[in-house]
Amino acid sequence: MTSSFIVSGLGGRKLLSGTIRVNGSKNALAPALAAPFIFREPLSLAHTPLLEDLRRTEELFAALGVETTAQERTYTFTVPKIINPVLPEDIAKRMRASILFTGPILARFGSVSFPHPGGCVIGERPIDIFLDGYRAMGASVKVNKRHYYISAPKGGLRGAMIYFRVQSVTATETFALAALLARGTTILKNAAVEPEITALLRFLEASGARIEGIGTHTLVIRGGGLLACKAPRYEIMPDRIEAGCFLILAALAGRDVTIAGCEPSHLDSIIAFLSDAGVPLSIGKRNIVISAKKSRVPYRSVNIKTHEYPGFPTDLQAPAVVFLTQAAGDAAVFETIFEGRLNYVHELNRMGASIRMMDPHRVLVKGPTKLVGKTLESPDLRAGLAYIIAGIIANGRSVIHNAYHVDRGYEQVEERLRGIGANIVRMDDVGMAETR
Ligand code: EPZ
C-alpha cells in the first residue's frame, strides 16, 4: 500500500514551536549493518533508527541466513558459519546501500553475487570503484546482464593499495571492512572522511582492528581475521542530515524550536550557511535552538557548493534550496557530487519558486517568492523531505506522493513534525486517486 503526505501550509507565518528530536543516522546505520560479517560473535547496534532501509536489510539478511533479533532500538545480528552469498535482486535493487554488504561477505565467505544496486534517481550511481577495488584485492569479477559475480582468490582477498578516483563514502566503508579480513595490509587513498566513517572505524579499532589514519584521507588497514565484540554494542550517532533539515524548517517556519539530540560538531557547514543568511541559532551541547523573534526577515541569500565532508553535504542541498526560495537575492547552487540531484526544482517552480537550471549541476535561485501548495511526487528521500518543508511554508494544501522514499531516511517524520505544530498527515493512496 503506497501512501502520501497531506500538508496544510502556514502561508509564510512562523508558528512552529517546541522540541523535535533527531533520530539515529541512516548513513551511520548503513555501514554498521555490514559490520556483523567481520565479527566472530553477534554484533548489536543501539539507537537504531527504525527506517524502511532497516526493514529491507532484515529481509535481505533473512535470505542470506543472518539472524536478526531486536529489543526496541537495539538490533543484534548473528552471522552463521555458512551463508548463501547471493543478494536477492528484489531487495538489493531498492537499497543502494546494499553494496556495503558485498565487501565483507566476499572477504569472509570467498564469493558474493548481487544486482546493480538501486537507490534514488539522483544520478547514474556507478559501482566501478567497487569492482576495480575487488580486482585490486585479487578477486575475479564476472558481469552478466547487470548482475555481478565476484570470487576471491584461493586463500582469500589480498591486501592492496587502492586509490579512489573520487571520494566515495560507501566504497571507503566497504573496503575498510573487507580489508580487515584480507591477507596483508590494505592502503586506501583518497578515502572519504564523513563522521559516520570515522565513528565506525573507531569502533572497529576498539574491537581489535589495526587501522592507522582514522579521520584522514589515507587509511592503512592490517588484515587480521574476525573481530571480537569488546564493546557490548555500537551506538548509531545522531543523523546530521535530519538535524540540518529540521534547522532549515525551524528557520523558515519556527517561532521557538529546539532541535534536540543532535551533534552540533557535525553541523558546521549548515550552521555557517544559516548564520550567514541571518538565522539566529543558539547552540548547546546536544541541541540547537532557533527563535524567529530575533530573526531578520527576509534572510540573506547565500551561495552553496556541495562538497565531501566537512563541506556542505549534498544530502542537504534540496532542503537548502527551499530555504533560498525564501531568502532575499540571487543564490547560485552548485551540486558537485551527483549529476541528477537538481531535477526536483521544477516542482518547486510549480509552487511559485523562481529557480533557473543553468546546467545539470547548477541552479540560480531568486528569492523571496511566495509558495502555493501543489500535488508533488517525491523523487528521492531528500527531495521528498524538501517538498514537505516547502508544503509547510506554502499557502494552502500540498499532497506529496511516494511517502516510502521519505520513510527510507526519516522515521515517522509526520509525527515528529506534528509535535512542533506542523499540519501534516499520512494518507494511504487508495483514498487518494482523485488527487493524482
Ligand atoms: C553516500 O552514498 C550516502 N549514502 C549518500 O546519501 C550521500 O549522498 C553520498 O554518500 C555522498 O555524501 C550512504 O552513506 C548510505 P558516493 P554513496 O559513493 O557512498 C561516484 C542519502 O540521501 N561514484 O560517496 O553511494 C558517485 O556517482 C544518500 O542518504 C562512482 O563514480 O555516494 C558520486 O558522484 C543519497 N563510482 C560520487 O562518487 C562508484 O563506484 C560520490 O558518491 C561509486 C561512486
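Everything quoted here is computed from the prediction, not taken from an experiment.

Conventions and cut-offs
Residues numbered from 1 in each chain as written. Predicted model: local features only at pLDDT ≥ 70, side-chain atom pairs only at ≥ 80, totals over all residues. Heavy atoms only, no water. UniProt positions renumbered as here; feature names shortened; annotations may be inferred. Helix = DSSP H or I, 4+ residues; strand = E, 2+ residues; numbered from the N terminus. Buried < 20%, exposed > 50% of the residue type's maximum accessible area, 1.4 Å probe, protein only. Contact = heavy atoms within 4.5 Å. Pairing = 2+ DSSP bridges. Axes fitted to C-alpha atoms, helices over the stretch in contact; angles between N-to-C directions. Near = heavy atom within 4 Å. Polar contact = N/O pair within 3.5 Å; in protein donor to acceptor, adjacent residues only side chain to side chain. Areas by Shrake-Rupley, 256 points an atom, 1.4 Å probe, with all protein chains shown as cover. Nonpolar A, V, L, I, M, F, W, Y, C, P; charged D, E, K, R; others polar. Domains from an automatic or database assignment.

## Here we look at the UniProt feature "binding site: UDP-N-acetyl-alpha-D-glucosamine" (unreviewed entry) in the protein
Moving on, step 1. Taken from the UniProt record, the annotation "binding site: UDP-N-acetyl-alpha-D-glucosamine" (unreviewed entry) applies to Arg-96, Asp-315 and Ile-337.
Moving on, step 2. Position of Arg-96 among the secondary structure elements: in the loop between helix H3 (89-92) and helix H4 (99-109).
Moving on, step 3. By relative accessible area, Arg-96 is classed as buried at 11%.
Moving on, step 4. Examined against the element boundaries, Ile-337 turns out to sit in the loop between strand E18 (329-334) and helix H11 (345-350).
Moving on, step 5. In contact with Ile-337, not counting residues within four places along its chain, are Thr-306, His-307, Glu-308 and Thr-314.

## Here's the deal with the sheet that holds strand E16 (residues 287-291)
Moving on, step 1. Ordered in space as E2-E14-E16-E15, the four strands form an open sheet in which the pairing is mixed. Looking at the sheet topology across the chains shown, the edges are occupied by strand E2 (16-21) and strand E15 (281-283). Across the sheet, the axes of successive neighbouring strands diverge by a mean angle of 10 degrees, strand direction being ignored.
Moving on, step 2. Bridge analysis of E2 against strand E14 (residues 254-260) gives six bridges, and the strand direction is parallel. Opposite Gly-18, over in E14, you have Val-257 as the bridge partner.
Moving on, step 3. Strands E2, E14, E15 and E16 of the sheet are contacted by helix H8 (residues 240-253), whose axis makes an angle of about 165 degrees with E14.

## Quick word on unusual backbone geometry
Moving on, step 1. In this structure, Pro-310 follows Tyr-309 across a cis peptide bond, with omega equal to 10 degrees.
Moving on, step 2. Following the sequence through the fold, Pro-310 ends up in the loop between strand E17 (304-305) and helix H10 (317-324).
Moving on, step 3. With an omega dihedral of -5 degrees, the bond running from Gly-367 to Pro-368 counts as a cis peptide bond.
Moving on, step 4. Looking at the element boundaries, Pro-368 is found in the loop between strand E20 (362-367) and strand E21 (375-377).
Moving on, step 5. Even without being a glycine, Glu-72 presents a positive backbone phi close to 55 degrees.
Moving on, step 6. Residue position: Glu-72 is located in the loop between strand E4 (67-71) and strand E5 (74-78).
Moving on, step 7. Residue Glu-72 is classed as exposed on the basis of its relative accessible area of 72%.
Moving on, step 8. Of note, the phi angle at Gln-412 is positive, near 45 degrees, even though the residue is not glycine.
Moving on, step 9. In this structure, Gln-412 sits in the loop between helix H13 (403-407) and helix H14 (413-418).

## Let's talk about the site of the ligand
Moving on, step 1. Looking at the ligand, there are 24 residues lining it, with Ser-168, Thr-170, Asp-315, Ile-337 and Arg-382 nearest.
Moving on, step 2. One of the backbone nitrogen or oxygen atoms of Val-169 is found 2.9 Å away from an oxygen atom of the ligand.
Moving on, step 3. Residue Thr-170 places a side-chain N or O atom 2.6 Å away from an oxygen atom belonging to the ligand.
Moving on, step 4. When the ligand sits alone it has 830 Å² of accessible area, and the protein chains cover 91% of it.
Moving on, step 5. For the shell around the ligand, the secondary-structure elements that each account for two or more residues are helix H1 (26-32), helix H5 (128-136), helix H6 (169-179) and helix H12 (381-393).
Moving on, step 6. Of the residues belonging to the shell around the ligand, the class tally is eleven nonpolar, five polar and eight charged.
Moving on, step 7. Lining the shell around the ligand are residues from two domains, each supplying at least three of them: domain 1 (3-23 + 238-435) and domain 2 (26-235).

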